[in-house]
Amino acid sequence: AHFGFQSVPEGEKAEKVYKVFESVAQKYDIMNDAMSLGVHRLWKDALLRIMNPLPGCRLLDVAGGTGDISFRFLEYVRNQQERLLRRTMRKHQTPTWHEIAASYTSQQATVLGGSRAVVCDINKEMLKVGRQRAKDLSYGTGLSWVVGDAEELPFEDDQFDIYSIAFGIRNVTHMDKALQEAHRVLKPGGRFLCLEFSHVSNPVLSRIYDAYSFQLIPVIGEVIAGDWNSYQYLVESIRRFPDQETFSHMMAEAGFFSVRFTNLTAGVVAVHSGFKL
Ligand code: SAM
């Protein structure tokens, strides 16, 4: 039963994935830190640096789960806006920075320059944990939570400047459909960004990584979360995910231009980027 996910027929995949995330939701964040030894935080920070969002931009974070990417997005945009303000102040040599900063912090929406992030996930339990985290961390302004399937997004065409999907697309049954939907909801000129486990090409590193992931991750899952099966699924889904080149081709097929990828940690993870023209 521990290896029950290997032969899951396509028709049952969505249901299995739903159950996995329903059962890990409460422990999801702590498990991410435990299994990646905290490195997932650096990968997510790297995604934001590549995204480099400007104040005013609208993000759709699909498979957004408990909100990690959207929280980082709001933080990043706020810092950008502050930097821009400081630069303007210096240029005009106005000594009223503190007054202006005070008025801006009282209108947080202005601090974000009108930016908004929508966290969209198929799993209500993950979103519930995310909403509570947002409350605890005081991320309210500029954030909304929507239940939705990456393969059939509940949004109109041409709505978002950026579409992100972090550690999400490998869970989707039909990746080609999810890519088409991403393309549809992006504005012309908008950018698709995907952070996902990928393929390590260095043979020595690859062997070490395989040993860690295949043998240790389900054990850590069992010890910390009492849930071997969900973490066995995690490892299998990582192994089945297409390599960097193949995924780039899939993006191009969905209509994205200027497709490129950046490997992180020797390709354990990659960020793919592409634009809608
Ligand atoms: N992006 C978050 C992060 O990086 O921490 C969460 C990633 S978590 C590994 C994967 C998420 O994908 C889960 O919250 C799951 O519910 C969601 N998911 C799976 N299939 C989906 C689908 N078809 N549409 C939208 N979300 C989906």
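Everything numeric here is computed off the predicted structure, so don't read it as measured data.

**Remarks on the site of the ligand**
- Among the 20 residues in the neighbourhood of the ligand, the closest are listed as A63, G65, N123, A150 and A166.
- Elements represented by at least two residues in the shell around the ligand include exactly helix 1 (10-24) and helix 4 (68-92).
- Looking at the shell around the ligand, its residues break down into eleven nonpolar, five polar and four charged.

**Quick notes on the sheet that holds strand 3 (residues 143-147)**
- Strand order in the open sheet formed by seven strands is 3-2-1-4-5-7-6, with mixed pairing between adjacent strands. Where the open sheet ends on each side, the last strands, each with one partner, are strand 3 and strand 6 (257-264). Mean inter-strand twist for the sheet, computed between neighbouring axes without regard to direction, equals 15°.
- Taken strand by strand, helix 7 (residues 124-136) contacts strand 2 (116-121) and strand 3, and its axis lies near 165° from that of strand 3.

**Regarding the environment of R72**
- Mapping R72 onto the fold places it in helix 4.
- Looking at R72, the number of C-beta atoms within 10 Å reads 21, which means it is buried.
- With 46 residues separating them in the primary sequence, R72 and Q26 have C-alpha atoms 20 Å apart.

**Comments concerning helix 3 (residues 39-51)**
- Over its 13 residues, helix 3 extends 19 Å from the first C-alpha to the last, a length consistent with the 18 Å expected when each residue adds 1.5 Å.
- Turning to helix 3, its buried residues are W43, L47 and M51. All buried residues of helix 3 project into a common sector of 80° when viewed along the axis, lining one side. The exposed residues of helix 3 that point more than 90 degrees off its buried face are D45 and R49.
- The secondary structure elements touched by the buried residues of helix 3 are helix 4, strand 4 (160-166), strand 5 (186-197), strand 6 and strand 7 (269-275).
- The positive-phi residue at the C-terminal boundary of helix 3 is N52, with phi of around 40°.

**Some details on the nonpolar core**
- One finds L47, L60, L74, Y163, I165, F192 and L195 to be the most contacted residues of the largest nonpolar core, which totals 66 residues.
- A total of six residues in this core trace back to one element, the largest contributor, which is strand 5.

**Structural notes on the packing of helix 3 against helix 4**
- Between helix 3 and helix 4, whose axes approach to 10 Å, the crossing angle comes to 50°. Compared by their axis directions, helix 3 and helix 4 come out oblique. Pair helix 3 / helix 4 crosses with right-handed handedness. Counting all contacts with helix 3, which are made through K44, D45, L47 and L48, the residues of helix 4 involved are D68, I69, R72, F73 and Y76.
- Its residues assigned to classes, the contact of helix 3 with helix 4 shows five nonpolar, no polar and four charged.

**Things to note about the UniProt feature "binding site: S-adenosyl-L-methionine" (unreviewed entry) in the protein chain**
- Feature annotation in UniProt assigns "binding site: S-adenosyl-L-methionine" (unreviewed entry) to the following positions: T66, D121, D149 and A150.
- By the element assignment, T66 lies in the loop between strand 1 (58-62) and helix 4.
- With residues near it in sequence (within four places) discarded, T66 still touches Y28, D29, M126, V129, G130 and R133.
- Inspection of the secondary structure puts A150 in the loop between strand 3 and strand 4.
- Leaving out residues up to four positions away in the same chain, A150 has contacts with V62, A63, I165, G168, V172, A178 and E181.

**Quick look at the pairing of strand 4**
- With six of its seven residues buried, strand 4 lies for the most part within the structure.
- Pairing of strand 1 with strand 4 involves four bridges; the strand directions are parallel. Within strand 4, the residue paired with L60 across the bridge is Y163.
- Where strand 4 meets strand 5, six bridges bridge the pair, whose relative direction is parallel. By the bridge assignment, I162 is partnered in strand 5 with R191.
- Each parallel crossover has a hand, and for strand 4 linked through helix 8 (residues 175-185) to strand 5 it is right-handed.

**Some thoughts on the confidence of the model for the protein chain**
- Summing up the model confidence of the protein chain, the mean pLDDT is 90 and the portion of residues at 70 or higher is 90%.
- A low-confidence stretch, residues 1-6 stays under pLDDT 50, and its non-local contacts, those more than four residues away or across chains, total ten contacts.
- Both scores are available for the predicted complex, with the pTM at 0.91 and the ipTM at 0.99.

**Quick notes on the environment of I165**
- Secondary-structure assignment places I165 in strand 4.
- Between the alpha carbons of I165 and A63 there is a distance of 6.0 Å; along the sequence they are 102 residues apart.

What counts, and where the lines are drawn
- Residues numbered from 1 in each chain as written.
- Predicted model: local features only at pLDDT ≥ 70, side-chain atom pairs only at ≥ 80, totals over all residues.
- Near = placed C-beta within 6 Å.
- Helix = DSSP H or I, 4+ residues; strand = E, 2+ residues; numbered from the N terminus.
- Nonpolar A, V, L, I, M, F, W, Y, C, P; charged D, E, K, R; others polar.
- Pairing = 2+ DSSP bridges.
- Axes fitted to C-alpha atoms, helices over the stretch in contact; angles between N-to-C directions.
- Contact = placed C-beta atoms within 7 Å.
- Buried ≥ 20, exposed ≤ 12 C-beta atoms within 10 Å, placed from the backbone.
- Expected span 1.5 Å × (residues − 1).
- Arc of directions from axis to C-beta.
- Core = buried A, V, L, I, M, F, W, Y, C linked by C-beta atoms within 7 Å.
- Parallel < 35°, antiparallel > 145°, perpendicular 65-115°, else oblique.
- Left-handed = near helix turned anticlockwise from the far one by under 90°.
- UniProt positions renumbered as here; feature names shortened; annotations may be inferred.
- Right-handed = clockwise from strand over helix to strand, strands pointing away.
- pLDDT = per-residue confidence, 0-100.

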